[in-house]
Structure formats: structure tokens, C-alpha cells
Amino acid sequence: MTSVFQAKKAKILEQLSTPTQDYTDASPKGSVDAPVQTLVKEINDIESLVTTSSCSGRIAIYIEGYPSVARSSQGKGGGSWLFVSHTPLDEQVGQDASTSLFSQLLSSPQNESHVSVSPQMQTSTDLNSAMPSGTRLLHFKFEPLILHILCSSLWAARKVLIASQAAGFRESGISSVPEPARPTNTPTSTQAESTGLEQLDGRHFTEREGADVARGGKRQYPKRERKSQKQTLDGPVMVAVRTTGLAIDAPVGYLGEDDNIKLVVSDAYLSGLVRMGNQRFATNEERKQRLRNGIMQAFRVDD
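Residues numbered from 1 in each chain as written. Predicted model: local features only at pLDDT ≥ 70, side-chain atom pairs only at ≥ 80, totals over all residues. Heavy atoms only, no water.

- The record in UniProt for the protein chain states the following under Sequence similarities (unreviewed entry): "Belongs to the TYW3 family."
- In its Catalytic activity (unreviewed entry) section, the UniProt entry covering the protein chain states "4-demethyl-7-[(3S)-3-amino-3-carboxypropyl]wyosine(37) in tRNA(Phe) + S-adenosyl-L-methionine = 7-[(3S)-3-amino-3-carboxypropyl]wyosine(37) in tRNA(Phe) + S-adenosyl-L-homocysteine + H(+)". (UniProt positions renumbered as here; feature names shortened; annotations may be inferred.)

**Some words on the nonpolar core**
Phase 1 of the analysis: If you look at the biggest cluster of nonpolar residues, it comprises 27 residues, and the most contacted ones within it are Phe102, Leu105, Leu138, Phe140 and Leu270.
Phase 2 of the analysis: Of all the elements, strand β11 (residues 248-255) adds the most residues to this core, at five residues.
Phase 3 of the analysis: In contact with Phe102, other than residues within four places in its own chain, are Ile61, Leu82, Thr123, Leu138, Ile261, Leu263 and Leu270.
Phase 4 of the analysis: Judged by nonpolar contacts, the second largest core, of 24 residues, contains Val36, Leu39, Ile43 and Cys151. (Core = buried A, V, L, I, M, F, W, Y, C linked by side-chain atoms within 4.5 Å. Buried < 20%, exposed > 50% of the residue type's maximum accessible area, 1.4 Å probe, protein only. Helix = DSSP H or I, 4+ residues; strand = E, 2+ residues; numbered from the N terminus. Contact = heavy atoms within 4.5 Å.)

**Concerning unusual backbone geometry**
Phase 1 of the analysis: Positive phi, close to 65 degrees, is recorded for Asp259, a residue that is not glycine.
Phase 2 of the analysis: If you trace the backbone, Asp259 turns up in the loop between β11 and β12 (261-263).
Phase 3 of the analysis: What makes Asp259 partly exposed here is its relative accessible area of 43%.

Listed below in C-alpha cells is the structure:
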């Protein structure tokens, strides 16, 4: 285990030990999601692993930013997360017939977003309206669990990757590996000379074979030593645990020229997306448990 990995893990664990009220990160929520805290702790208790970022899975409503605006912590391209929930939505959401489901979601106690919608912003629904080209679209999203796990070696990373893909996170992969060590079994020119070999036409010959070639005899090539294909990889390796199979990304409206939200779907359609998101949460939880069991089993001997 390298000192580089140990130093990085120590720093991450120090940050995670900060009291919840004082801890912040770059995510829209600003801290480690409650549904994944136990899994993060169990992974971090394994000597050769440490989590660097995580999301337990979420239902979200996201509005795109302006194309010319730089990326921000609140979303891509200056966009904003108007609604975020890392838990299934309450079945009571949408029961108030006097208010649109969209408005009920934004004002729901489950909304973890730090973005406050301006009181002047109005929301209207036009089912016959086409979304104009170039406008900022409004998306309803479900995003499944994602983890980035730093491993002390390629050997440990392979275990995590196998467990992740077996749990249903099929798009998981190794996103960074250390530089391979230089091969140490390639002889230098000095070593070649010390073994009594001379080089003719790019090949090594013994003195007798070289004399035969000089006299016009049949050229005899010595057997080449097969170079070892095994290279030592020493250093931290990052594994991204993810899947796109559970994701939902449905445009449901846009931001008009008057900076008001224009919905192009009905409450019934939006309610269907909410139910679908809750179902994806259940599947996401099942896969998370399989991931946990797979990693614990893979590192059982090392605990």
C-alpha cells in the first residue's frame, strides 16, 4: 500500500469526520446523502479503499443554464436544481387539486435544493405549445447511485469493479491508473557486450555465428528471450461505480422569454414520472445492497 494512497485516505476521512452542521461539499445538497452514509462508512473501513464522492440516487427537476455561462456548483452550464430529493417522494404529493403538481414539488418538505425560486416567477401549462429551439429546457430526472472509490492498488480496484458490475452497475469502470513501471529485463548495450554478443544488422550473434555470417555462411539467428508482459502497477486506482440503465431524463417544460416556466406536460404525466422515479428508487436500493454485499465479500479476508 503506497504512502500516496494512505495520505489521501487520511485527508478524506478527516473531512468526513467533520460534524454534519459544519461539513460541506460541492454537491447540490452540500453533504454526504443520508441513504448512502452507512455504505460509505463500511467501504472506508476497508483498509485498501476510500470513497472520494457519492450520490445515493435522486429525483430532481433541473433547468438548463445559458450556453455561454460557465459551469457552476449548482448545475451544468450555470443551470439550477429547482428540486432534489434523495428519498422516494411522498404519495401525498399532488393531492392538492388547487395547486399544480410542479408547484407542490418545489414547496415540498422533501425538496433538498438550496435554490429558491423567485416569487415573481410564474408557472403556466400549455399542452399545445412546442418547446422553442435554443430555450432553456426543464428536465425531470432520476439519477441512480454513483460512487467514486479510490483503491490502493489495481488488485483492489479489480475486486471493486467485479462487485459493481455483478450488482447491476454495468457502466462501472476504472477511470485512472498509475503509470506502469519500466521493464527491468531489457539488456543494455553494455550488458550485451559483457555476454560476448556482437550486433549485426540489428541482431545479436556469438563470435562463431558472426564469423560464419562474415564468410557468407548461413545466417543463424539465436533465440530471442521473450520479454515479460507483466508490468507492475503501483499506486492509487480510481473506480467509478455507476449505471445508466435506471436513469430518467424527460423534458417537461422550458423557461420562456419572460423568465417564467412554461410546462408542456399535464399533471397526470408528471405524476406518472414521479411514480416511475419512486419505482427506480426501489431498484436502486436493491442494487446498492448487492453492491455492499459484493464488496464486503470480496474484501472479507482483508477486513
